[in-house]
Amino acid sequence: VQLQASGGGLVQAGGSLRLSCAASGRAFSSYAVGWFRQAPGKEREFVATINRSGSSTYYADSVKGRFIISRDNANDTVYLQMNSLKPEDTAIYYCAAPRGETPSYYSDYLSYNYWGQGTEVTVSS
């Protein structure tokens with residue numbers, strides 16, 4: 001499966017953005033999808049993940065209550081709605097998919113096999 005992230009941009013603190021992860025290739029509904037981010041000089045960190053049907057989601061504590069992950073399998077797209085953005089949310093955001101369902105170690109980027117190219121999010125204070 002090929003993934004392409006989009007929707008990043010510059011936003012003021014407190015604002016919102018919606019990222020999209022569009023998939024092509026094999027049946028998108030066969031894959032869980034996760035979002036990760038990497039800020040300059042920092043390691044890649046887990047943000048959120050959603051299972052194949054969309055019935056189960058997990059979030060990093062740092063974004064819980066502010067970000068919402070969802071998917072539209074009919075249109076082969078996963079979304080990350082980001083609200084109440086903070087300057088510390090500034091990073092390049094990547095979507096990724098494992099081989100199949102949500103992995104046991106869903107917050108570990110090594111559990112994901114397919115990656116999109118990333119979209120940059122900048123939150124100004």
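Structure: see above.
These notes cover the structure that comes with them. Treat the numbers as computed from the prediction; the structure is a model and nothing was measured. (Residues numbered from 1 in each chain as written. Predicted model: local features only at pLDDT ≥ 70, side-chain atom pairs only at ≥ 80, totals over all residues. Heavy atoms only, no water.)

### Overview of the overall build of the protein
So, point 1. In terms of regular secondary structure, the protein is built from zero helices and eleven strands.
So, point 2. Reading the protein from its N terminus to its C terminus gives the helix and strand order β-β-β-β-β-β-β-β-β-β-β.
So, point 3. For the protein, whose C-alpha radius of gyration is 13 Å, the value lies close to the compact-globule estimate of 14 Å for 125 residues.
So, point 4. The dimensions of the protein, computed from C-alpha atoms along their principal axes, are 40 × 25 × 25 Å.
So, point 5. Every one of the 125 residues in the protein was classed for burial, and the buried ones make up 43%.
So, point 6. Within the protein, contacts between residues at least 6 apart in sequence are counted, and of these 57% link residues at least 24 apart. (Helix = DSSP H or I, 4+ residues; strand = E, 2+ residues; numbered from the N terminus. Rg over C-alpha atoms; globule rule 2.2 N^0.38 Å. Buried < 20%, exposed > 50% of the residue type's maximum accessible area, 1.4 Å probe, protein only. Contact = heavy atoms within 4.5 Å.)

### What to know about the side chain of Thr77
So, point 1. Assignment of secondary structure puts Thr77 in strand 8 (residues 77–82).
So, point 2. In this structure Thr77 comes out as buried when scored by relative accessible area, which is 9%.
So, point 3. A distance of 2.8 Å separates the side chain of Thr77 from the backbone oxygen of Asn75, its partner in a polar contact. (Polar contact = N/O pair within 3.5 Å; in protein donor to acceptor, adjacent residues only side chain to side chain.)

### Considering the packing of aromatic side chains
So, point 1. In the structure shown here, the tally under the stated rule is eight aromatic pairs.
So, point 2. Seen from their ring centres, Tyr31 and Tyr114 are 5.8 Å apart, and the 85° between their planes marks the pair as edge-to-face. In this pair, Tyr31 is assigned in the loop between strand 3 (17–24) and strand 4 (33–38) and Tyr114 in strand 10 (residues 114–115), connecting sequence segments 83 residues apart.
So, point 3. Using a relative accessible area of 6% as the deciding quantity, one classes Tyr31 as buried.
So, point 4. Tyr114 gets classed as partly exposed once you look at its relative accessible area, which sits at 25%.
So, point 5. By way of ring pairs, the aromatic residues Phe36, Phe46, Tyr58, Tyr94, Tyr106, Tyr112 and Trp115 are connected into one cluster.
So, point 6. Residue placement shows Arg44 over the ring face of Trp115; its charged tip is 4.7 Å from the ring centre. (Phe/Tyr/Trp six-rings, centres within 6.5 Å; stacked < 30°, edge-to-face > 60°. Lys NZ or Arg CZ within 6 Å of the ring centre and 35° of its normal.)

### Observations regarding the pattern of salt bridges
So, point 1. As enumerated under the stated definition, the model contains five salt bridges in all.
So, point 2. Taking the shortest distance from any N to any O, the salt bridge between Arg37 and Glu45 comes out at 2.6 Å.
So, point 3. Residue Glu45 is classed as partly exposed on the basis of its relative accessible area of 35%.
So, point 4. A salt bridge links Glu101 to Arg52, with the nearest nitrogen and oxygen atoms 3.2 Å apart. Of this pair, Glu101 sits in the loop between strand 9 (91–97) and strand 10 while Arg52 sits in the loop between strand 5 (45–50) and strand 6 (57–59), placing them 49 residues apart in sequence. (Salt bridge = Lys/Arg side-chain N within 4 Å of Asp/Glu carboxyl O.)

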